[in-house]
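These are the residues of each chain, in order.
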Amino acid sequence: MSGPGGQGKPFAISKWLVWRSWEKVKANGGAPGIDGQTVEQFESDLHDGLYRLWNRMSSGSYFPSAVKAVEIPKPGGGTRILGVPTVVDRIAQTVVALELGKLVEPCFHPDSYGYRPGRSALDAVATCRERCWRRDWVVDLDIRSFFDTVPQAQIMAAVAHHTDNKWILLYVRRWLDAGVEGQDQELRLVGRGTPQGSAISPLLANLFMHYAFDVWLSGKFPDVSFERYCDDCIAHCGTQAQAVGVRDAVAARLAEFGMELHPGKTRIVYCKDADRRGDHDITSFTFLGYTFRPRLSKSRWGKHFVNFTPAVSRDAAVRMSREIRTWHIPKRSDKSLSDLARMFNPIVRGWLNYYGRFYKSMLYPLLQHLNTKLVQWATRKYKRLRRRERRARLWLRRIARQEPRLFAHWRFGAYP
């Protein structure tokens, strides 16, 4: 593809924008959609594929395929439906997301953190921690089946509020109408919702929640602060009565759009610590993979006290432990210790960077579980260490002291 593109077409869409969108899709990878085409297969005929997509989008003849429905297990049980668009549709959605994002991003609330440039889930967790220290009560808001029930009419109204660009409005409408193909291979049209997993859905979800929640809550309860990561919301209140009022008001607000709070997962939480008197049935909540609850902490002066603070959640720790088991480290006796480090360090480093930010000592049992797998590997690989786990552990500990940067978790301080 060459040149800016768009001349003589109904819609002026830059070829460079299509190319940039392809680069983002390639970097993210992902499974094929209903056409079975992988990112690698699309790349094998890249020039023609991108030109055809640009030509169709610029002429208005681009129609998306149905989204492939894939069930993935939830940490707490049950399944969640992810929508997997085709590679071509992911590129097209990224084109619109980049163009629309430039218009709406400056308008978003500062306490909206999900899928926004320069903001992260860890930023939301850090802000939530500080506000839990200042306010006694939290409302942990859980919207039932958010991506399946978000109203498309309000999404389109919000998009139209920010742009009159005809091709953006046209393609957002077509994606919302595209439908979902389930595992039974039957096409099911979606009357509400935007498929979770598509490239455009996070932006559309943020746009809906900006008006349905962020702006509304800030106006109705100006002294209530919150953190929102897409549809995950935490509100901070000064009293239990205020928390009840916020919960009920949010429920009524969502009902206006045909949506509801999950009655079993939406909870009012008391941020119990050493200085707060009284008690409450619920003194913990989980937000973005971190569980907030009273924990024993040490001050800068070395004194211990009870602090309401986050640490890796049990579900996240169990999920990581299960993944370690799938690596079958003890059976990889054909690999060297350096091979194992190269294979698994990127994953472990990602865990440490995310879950090691707050109260990192809660990660140590998981990291020792990984060390145990390495010990078992050593007892299988070396005859002199067979059935001698204690000696194998001492051998690994000696290596860890000599090369503490070999494994990511050794640098973290979790030695065998």
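Residues numbered from 1 in each chain as written. Predicted model: local features only at pLDDT ≥ 70, side-chain atom pairs only at ≥ 80, totals over all residues. Heavy atoms only, no water.

## Examining the overall build of the protein chain
Rules: Helix and strand definitions follow DSSP, with helices as H or I runs of at least four residues and strands as E runs of at least two, each counted in order from the N terminus. For every residue, the accessible area (1.4 Å probe, protein chains only) is compared with the maximum for its type, and the residue is labelled buried under 20%, exposed over 50%, or partly exposed between those bounds. It only takes one pair of heavy atoms within 4.5 Å for two residues to be counted as in contact.
Of regular secondary structure, the protein chain possesses 15 helices and 11 strands. With the principal axes as the frame, the protein chain shows a C-alpha extent of 75 × 60 × 40 Å. Counting only residues that meet the buried cut, the protein chain has 49% of its 416 residues in that class. Considering only contacts in the protein chain between residues 6 or more positions apart, those separated by 24 or more positions represent 67%.

## Focus: the side chain of Thr 149
Going by this rule: Here a polar contact means two N or O atoms within 3.5 Å. Within protein one must be a hydrogen donor candidate and the other an acceptor candidate, and residues neighboring in sequence count only if both atoms are side-chain atoms.
Relative to the helices and strands, Thr 149 is located in helix 6 (residues 146-149). Using a relative accessible area of 19% as the deciding quantity, one classes Thr 149 as buried. Here Ser 145 takes part through its backbone oxygen, which lies 2.9 Å from a polar atom of the side chain of Thr 149. Aside from chain neighbours lying at most four places away, what touches Thr 149 is Arg 144, Arg 192, Gly 193 and Met 259.

## Some details on the nonpolar core
Keep this limit in mind: Only buried Ala, Val, Leu, Ile, Met, Phe, Trp, Tyr and Cys residues count toward a nonpolar core, and they belong to the same one when joined by side-chain atoms within 4.5 Å.
With 70 residues, the main nonpolar core has Met 57, Ile 91, Val 96, Phe 146, Trp 167, Phe 208 and Val 246 as its most contacted residues. Residues contacting Met 57, with those up to four places away along its chain left out, are Phe 11, Ile 13, Tyr 62, Ala 92, Val 95, Val 96 and Tyr 171. Grouped together as the second largest cluster of nonpolar side chains are 53 residues, Tyr 290, Ala 392, Trp 395 and Phe 407 included.

## As for the confidence of the model for the protein chain
Filter applied, for reference: A residue's pLDDT is the confidence the predictor assigns to it, expressed on a 0 to 100 scale.
Residue-level pLDDT values for the protein chain average 91, and 94% of them are 70 or greater. Across residues 185-189, where pLDDT falls below 50, the model places 10 contacts with residues more than four positions away in sequence or in other chains.

## Things to note about the packing of aromatic side chains
Two descriptors summarise a pair of aromatic rings, namely the distance from one centre to the other and the angle between the planes of the rings. Inclusion rule: Here a pair means two rings of Phe, Tyr or Trp (six-membered ring of Trp) with centres within 6.5 Å. Their orientation is stacked below 30 degrees between planes, edge-to-face above 60, and tilted elsewhere. Our definition puts a charge over a ring when NZ of Lys or CZ of Arg is within 6 Å of the ring centre and also within 35 degrees of the ring normal.
Scanning all chains against the criterion turns up 25 aromatic pairs. Centre to centre, the rings of Trp 327 and Phe 344 are 4.3 Å apart; their planes meet at 10 degrees, and the pair counts as stacked. Of this pair, Trp 327 sits in the loop between helix 11 (314-326) and helix 12 (337-355) while Phe 344 is found in helix 12, placing the two residues 17 residues apart along the sequence. Overall, Phe 344 belongs to the buried group, its relative accessible area being 8%. Through a chain of ring-to-ring contacts, the aromatic side chains of Phe 11, Tyr 62, Tyr 171 and Trp 175 assemble into a single cluster. Sitting over the ring of Phe 412, Lys 360 keeps its end group 5.1 Å from the ring centre. The cationic tip of Lys 381 hangs over the ring face of Tyr 382; the distance from NZ or CZ to the ring centre is 5.8 Å.

## Examining the pattern of salt bridges
Rules: By salt bridge we mean one thing: a side-chain nitrogen of Lys or Arg within 4 Å of a carboxyl oxygen of Asp or Glu.
For the structure on display, the rule yields 14 salt bridges. The residue Arg 116 makes a salt bridge to Glu 105 at a minimum N-O spacing of 2.7 Å. Here the residue Arg 116 occupies a position in the loop between helix 4 (87-104) and helix 5 (121-134), and Glu 105 occupies one in the loop between helix 4 and helix 5, the gap between them amounting to 11 residues. By relative accessible area, Arg 116 is classed as buried at 8%. Measuring nitrogen to oxygen at the nearest pair gives 3.0 Å for the salt bridge that ties Arg 173 to Asp 177. One end of the pair is Arg 173 and the other is Asp 177, both in helix 8 (residues 166-177) and four residues apart, which spans about a single turn.

## Brief notes about the environment of Ala 400
Counting through the fold element by element, Ala 400 comes out in helix 14 (residues 389-402). Overall, Ala 400 belongs to the buried group, its relative accessible area being 0%. For the pair Ala 400 and Gly 197, spaced 203 residues apart in sequence, the C-alpha to C-alpha distance is 40 Å.

## A closer look at the packing of helix 13 (residues 364-381) against helix 14
For clarity, the cut-off: For helices, the axis comes from a line fit to the C-alpha atoms of the stretch in contact; other axes are also lines fit to C-alpha atoms, and the angle between any two N-to-C directions lies between 0 and 180 degrees. Working definition: roughly parallel below 35 degrees, roughly antiparallel above 145 degrees, roughly perpendicular at 65 to 115 degrees, and oblique for all remaining angles. Put simply, a crossing is left-handed when the front helix is turned counterclockwise from the back one by less than a right angle, and right-handed when it is turned clockwise. Charged residues are taken to be Asp, Glu, Lys and Arg, nonpolar residues to be Ala, Val, Leu, Ile, Met, Phe, Trp, Tyr, Cys and Pro, and polar residues to be all remaining types, Gly included.
The geometry of helix 13 relative to helix 14 is characterised by a closest axis approach of 9 Å and an angle of 110 degrees between their N-to-C directions. Considering the angle they form, helix 13 stands roughly perpendicular to helix 14. Viewed along their axes, helix 13 and helix 14 form a crossing whose handedness is right-handed. Contacts between helix 13 and helix 14 pair Gln 368, Asn 371, Thr 372, Leu 374, Val 375, Gln 376, Trp 377, Ala 378 and Thr 379 from the former with Glu 389, Ala 392, Arg 393, Trp 395 and Leu 396 from the latter. Considered class by class, the residues forming the contact of helix 13 with helix 14 number seven nonpolar, five polar and two charged.

## Topic: the sheet that holds strand 7 (residues 232-237)
Remark on secondary structure: sheet strands pair via backbone hydrogen bonds, oriented parallel or antiparallel. Worth spelling out the cut-off: Here the rule is simple: two strands pair whenever DSSP picks up at least two bridges between them.
Taken in spatial order, the four strands of this open sheet run 6-7-3-8, and their pairing is antiparallel. In this open sheet, the two edge strands, each paired with only one partner strand, are strand 6 (225-229) and strand 8 (267-270). Strand after strand, the sheet turns through a mean of 20 degrees between neighbouring axes, direction not considered. Of the strands in this sheet, strand 3 (137-142), strand 6 and strand 7 are in contact with helix 9 (residues 201-220), which crosses strand 6 at around 175 degrees. Sitting on the sheet, helix 10 (residues 240-255) touches strand 3, strand 7 and strand 8, and the angle it makes with strand 3 is about 20 degrees.

## Regarding the pairing of strand 3
In terms of burial, strand 3 is largely enclosed, as five of its six residues are buried. Pairing between strand 3 and strand 8: four bridges, direction antiparallel. Across the sheet, residue Val 138 finds its bridge partner in strand 8, namely Val 269.

## A word on a positive patch on the surface
Basically, it comes down to this: Patches in this entry comprise residues that are over 30% relatively accessible and not in a salt bridge; like charges within 9 Å are linked, as are nonpolar side chains (Val, Leu, Ile, Met, Phe, Trp, Tyr) within 5 Å. With residues, only the protein chains shown are counted as cover, and all accessible areas are computed by Shrake-Rupley using a 1.4 Å probe. When charges are counted, Lys and Arg are positive and Asp and Glu negative, with His and the chain ends excluded. For the purpose of locating charges, the reference atoms are NZ of Lys, CZ of Arg, CG of Asp and CD of Glu.
On the surface, a cluster of positive charge is made up of Lys 383, Arg 384, Arg 386, Arg 387, Arg 388, Arg 391 and Arg 398. Its location among the elements puts Arg 387 in the loop between helix 13 and helix 14.

## Some details on the sheet that holds strand 9 (residues 285-287)
Across the sheet, three strands lie side by side as 9-10-11; this open sheet has antiparallel pairing. The open sheet terminates on both sides in strands that have one partner only, identified here as strand 9 and strand 11 (304-312). Neighbour-to-neighbour, the strand axes of this sheet turn through a mean angle of 50 degrees, independent of strand direction.

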